[in-house]
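# Results of the structural survey
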Amino acid sequence: RQEAMRQEAMRQEAMRQEAVRQEAMRQAMMEAEEEEIFMQQAYAQQQAYAQQQAQQQRAKNIHEQQFQQAQQKHQAQNAAAVAGSMDDATTLAEKGTLLMSKGHYKNALVIYDKCLAIQLKHLGDLHPIVAHTVDLMGVALLRVGAAEEALETFEKAAYIYENSGQGVHPDLALTLMHVGQAYELEAENVQRVGPKKEWMRQIEEYSTQAYDFYEKALEMFQERVEGNEPDLDVANVVHAMGNIHNIRGEYMEALRKYKYALEHKIKILGEDDPSVGWTKNNIGNAFKGLYKVDEALKWYNEALSTVSKVFGPDHPEVAHVHWNIALCYQTKGEVDASKRKLGWHNSWPFKFFSAATKKRIVHEGKDFEAMVKHLNHGESLLAFDIFFSLLVVTQTTLLPPVPILSAQCIALIRSQLSTFSSRGSGRITSQPNELHR
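Residues numbered from 1 in each chain as written. Predicted model: local features only at pLDDT ≥ 70, side-chain atom pairs only at ≥ 80, totals over all residues. Heavy atoms only, no water.

### Thoughts on the overall build of the protein
For clarity, the cut-off: The secondary structure listing takes helices from DSSP runs of H or I that are at least 4 residues long and strands from runs of E that are at least 2 residues long, numbered from the N terminus. Per-residue accessibility, obtained with a 1.4 Å probe over protein chains only, is compared with the maximum for each type, and a residue is labelled buried under 20%, exposed over 50%, and partly exposed between these values. Working rule for contacts: check all heavy atoms of both residues, and any pair within 4.5 Å makes them a contact. For the area figures, the Shrake-Rupley method with a 1.4 Å probe applies, and any residue is considered shielded solely by the protein chains shown.
Broken down by element type, the protein carries 16 helices and two strands. Here the protein, with 437 residues, has 40% of them falling under the buried criterion. Expressed as a percentage of contacts within the protein between residues at least 6 apart in sequence, the contacts between residues at least 24 apart total 70%. If you sum the accessible surface of the protein, you get close to 24200 Å²; carbon and sulfur atoms cover 54% of it.

### Re the packing of helix 9 (residues 251-269) against helix 10 (residues 274-289)
We apply this condition: The angle between two axes is taken between their N-to-C directions and runs from 0 to 180 degrees, where each axis is a line fitted to C-alpha atoms and a helix contributes only its stretch in contact. What sets the label is the angle itself: under 35 degrees gives roughly parallel, over 145 gives roughly antiparallel, 65 to 115 gives roughly perpendicular, and the rest give oblique. In this scheme the crossing of two helices becomes right-handed for a clockwise turn of the near helix relative to the far one and left-handed for an anticlockwise turn of less than a right angle. Three residue categories are used. Nonpolar comprises Ala, Val, Leu, Ile, Met, Phe, Trp, Tyr, Cys and Pro, charged comprises Asp, Glu, Lys and Arg, and polar comprises the others, including Gly.
Two elements in contact, helix 9 and helix 10, have axes whose closest approach is 9 Å; the angle formed by their N-to-C orientations is 165°. Comparing the axis directions of helix 9 and helix 10 gives the class roughly antiparallel. The two elements helix 9 and helix 10 cross, and the hand of that crossing is left-handed. Contacts between helix 9 and helix 10 involve Tyr 251, Leu 255, Tyr 258, Lys 259, Ala 261, Leu 262, Lys 265, Ile 266 and Leu 269 from the first element and Ser 275, Val 276, Thr 279, Lys 280, Asn 282, Ile 283, Ala 286, Phe 287 and Gly 289 from the second. Residue composition of the contact of helix 9 with helix 10, grouped by class: 11 nonpolar, four polar and three charged.

### What about the confidence of the model for the protein?
Put simply, the rule is: Confidence scores here are pLDDT values: one per residue, from the predictor, ranging 0 to 100.
For the protein, the average pLDDT comes to 78, and 74% of its residues sit at 70 or higher. Element-level pLDDT for the protein is lowest in helix 16 (residues 407-412), with a mean of 40, against a maximum mean of 95 in helix 9. With pLDDT under 50 throughout, residues 348-364 is counted as low confidence; its partners more than four residues away or in other chains account for 20 contacts. Confidence over residues 378-432 falls short of pLDDT 50; this stretch has 125 contacts with residues more than four positions distant or in other chains.

### Observations regarding the packing of aromatic side chains
Rule in force here: Stacked, edge-to-face and tilted are the three classes for Phe, Tyr and Trp ring pairs, Trp counted by its six-membered ring, which pair at centre distances within 6.5 Å; planes under 30 degrees apart are stacked, over 60 edge-to-face, the rest tilted. Either the NZ atom of lysine or the CZ atom of arginine qualifies as a charge over a ring when it sits within 6 Å of the ring centre and within 35 degrees of the ring normal.
Across all of its chains, the model carries one aromatic pair by this definition. With 5.8 Å between their ring centres and 20° between their planes, Tyr 183 and Phe 213 make a pair best called stacked. With Tyr 183 in helix 6 (residues 172-188) and Phe 213 in helix 7 (residues 196-223), the pair connects residues that are 30 residues apart, well separated along the chain. Its end group placed over the ring of Tyr 211, Arg 248 keeps NZ or CZ at 5.7 Å from the ring centre.

Below, the structure written as structure tokens:
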């Protein structure tokens, strides 16, 4: 019996040792597998990092090549400017203005740049004619939504006017108004996301700066007006001040400013001028802000009739008005849906799905159909297509490190403006807001 017990104990000990050995082997295999997996992951990460570095290097090489090509192009333009005369510059300026009137803002920038190179060669960097061309380039940048670049360009023009040695130039007031418009665009482009207090602070900051410049320009314009005679520049800057009130939600004050501007513009330009149409458009914006959508639609349609006669259907100015009309119909649908929701939509159990039912009603019926009609306002002609084709500056057109102005302009002008601080880049707002002009 004792021998049997001893043998059983030995057998159990052998089994225990075997189990320990098996467990050790299993642990070793697991560790080996984990080590293999770790090595594979490390190798994969190294490969991914190497590929990323290679891609970045290729992108850098392409970018440098494009930069060099752009610099060579600027040098060629400057070389051509040596042989160009002031008559050539005048012709280029007229061509740029024609392109602006057709909505080809990017092409106008290129033409103005060539014109500027010639003027700098013949007139130097502190001549009022140079300032005027720089100002025109700022207007083109403003039209494509490049608020920061437009602001810097207008400030350069103002600097040249102030240091031209010819006293207070009459066009300085216009440039100051343009500086205000650049700040206004910055205010409109503030992203309305995140804490409301923060983006409201940014809007207030930009709009205050814009209003200050408008007041300076208005004071200078009024100094040259005799009596109560209507003045177009005064009307334009009052119109711009109305835009600031509209951005701030001060719609009644905006309406007062717009109607003053409209009255004086009609006296000077007549009913069919596009500037009159844009004041009518902005009156529509103010009424839309007051949720008087029928009144807003009346003014929008008057604006559309005016600008369509002048520009035709495929111009960004016309697309802007269609965009505003579309948003107005959307607002009208929301207001009507809210009224209908007060009926059976507010009863159980539909009130628990009020947001969904409201959205469904807004996007059904005549209001939604009208909205779609104005977003697609021609034969396969989308408002969005016009914006992207004529308003958006692409990376291939204006590379980030390549100056908007010519290299010669940068050398002669920008070096004197190093005290200007850099500002945050303007962004297109994520909210579908109405468009001012």
